[in-house]
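The chain contents come next:
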Amino acid sequence: MTRISTPFSAKTTAAEILTGVDLSGRRIIVTGGASGIGAETVRALRGAGAEVTVATRNPGDGRRALDLSDLGSVRAFVAGWSGPVHAIVANAGIMALPTRQVAANGWELQLATNFLGHFALITGLHGNLRQAGDARVVMVSSGAQLRAPFDFDDPHFERRPYDPWDAYAQSKTADVLLAVGIARRWAADGITANALEPGYIHTNLQRHLDEATMRAFGAMDDEGNLLTPDYYKSPEQGAATSVLLAASPLLDGVTGRFFSSANQEAELVQGGPDATTGVAAWSMDPSAADRLWDYALAATANAHEASNAS
């Protein structure tokens, strides 16, 4: 299968992706769209004429409440939605929590927030996506998916030692597998799904990182001042790949792919400690995608039953 290339680069901004594109009449949901690259994604989509709903834990003007770690909150959001959805940009996330935390349903919190909440939202709005006729699902993953596969034996670190980066990596691998799962199931409904890594950007996502980690990234000096290395992107540039997948006509009909922060389809590679670019084979594995889909479906069904029982 030929890799897809675009005329864009890592320095292209989200607004530049949509130059000449008219999104009037298209309804798009962006999770975590109140800050960082999410806010820039919203800005670019609205600038092209789309009706954008910002789904966030702290709703304000033009926003709707959504706590992805709480499946009850996700169900309420879904129940309150009517009409078609032309795109969902699964942008919200948390990264590298220093200690193991769990959501109300017992899932490790990064996995619950970054993956399961989005799974429940997207599957809950399946009918609305189908109604659009040509809907897109965009999973904002990370280069961290190169670090670890999904551990079906102990996904919540109940037996293995908790590692903040392994937990984050697993959740981001799961996000790619969700795009693969949707591509395998919903093509006949006119729904496409792709995943991406946005690259390195200064945002609130790094709020749990200590100064030693930031210095290791080259993003902080010895006095604690933020630095912006050449390989970092601005938020406007960081949102570009999300916008590319959500709305560019260049990707009409494209599904089940992974795009790099350079706005090109990524090379399939073997993941592991030496991998620095590309998408890991374990992130694109169809059998793992099917297994994870069934696991998540059971979790959301059990949560719903528990809610009804209470």
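Residues numbered from 1 in each chain as written. Predicted model: local features only at pLDDT ≥ 70, side-chain atom pairs only at ≥ 80, totals over all residues. Heavy atoms only, no water.

Draft legend 1. Layout of the sheet that holds strand β5 (residues 136-140). Taken together, seven strands build an open sheet; the order of strands is β3-β2-β1-β4-β5-β6-β7 and the sheet is parallel. With one partner strand each, in any of the chains shown, β3 (63-65) and β7 (258-259) form the two edges of the open sheet. Where helix α9 (residues 240-247) meets the sheet, it contacts β4 (87-90), β5, β6 (192-196) and β7, and its direction lies at approximately 160 degrees from that of β5. (Pairing = 2+ DSSP bridges. Helix = DSSP H or I, 4+ residues; strand = E, 2+ residues; numbered from the N terminus. Contact = heavy atoms within 4.5 Å. Axes fitted to C-alpha atoms, helices over the stretch in contact; angles between N-to-C directions.)

Draft legend 2. Structural context of the pattern of salt bridges. This structure, assessed with the given rule, holds 13 salt bridges. Residue aspartate 67 pairs with arginine 57 through a salt bridge whose shortest N-O separation is 3.9 Å. Linking aspartate 67 in the loop between β3 and α3 (71-79) with arginine 57 in the loop between β2 (51-56) and β3, this pair joins segments that are 10 residues apart in sequence. Residue class for arginine 57 comes out exposed when judged on its relative accessible area of 60%. Put simply, aspartate 290 and arginine 185 hold a salt bridge, and the shortest N to O gap is 3.1 Å. In this pair, aspartate 290 is assigned in helix α10 (residues 286-309) and arginine 185 in helix α6 (residues 164-185), connecting sequence segments 105 residues apart. Look at arginine 185 and you get partly exposed, because its relative accessible area is 31%. Among the charged side chains, a salt-bridge network with shared partners connects Arg147, Asp163 and Asp166. (Salt bridge = Lys/Arg side-chain N within 4 Å of Asp/Glu carboxyl O. Buried < 20%, exposed > 50% of the residue type's maximum accessible area, 1.4 Å probe, protein only.)

Draft legend 3. Broad picture of the environment of aspartate 67. Put simply, aspartate 67 and alanine 55 are 12 residues apart on the chain and 8.5 Å apart in space, counted from C-alpha to C-alpha. The contact partners of aspartate 67, leaving out residues within four places of it in the chain, are Arg57, Ser73 and Val74. Reaching out from aspartate 67, the side chain makes a polar contact with the side chain of serine 69 at a distance of 2.7 Å. (Polar contact = N/O pair within 3.5 Å; in protein donor to acceptor, adjacent residues only side chain to side chain.)

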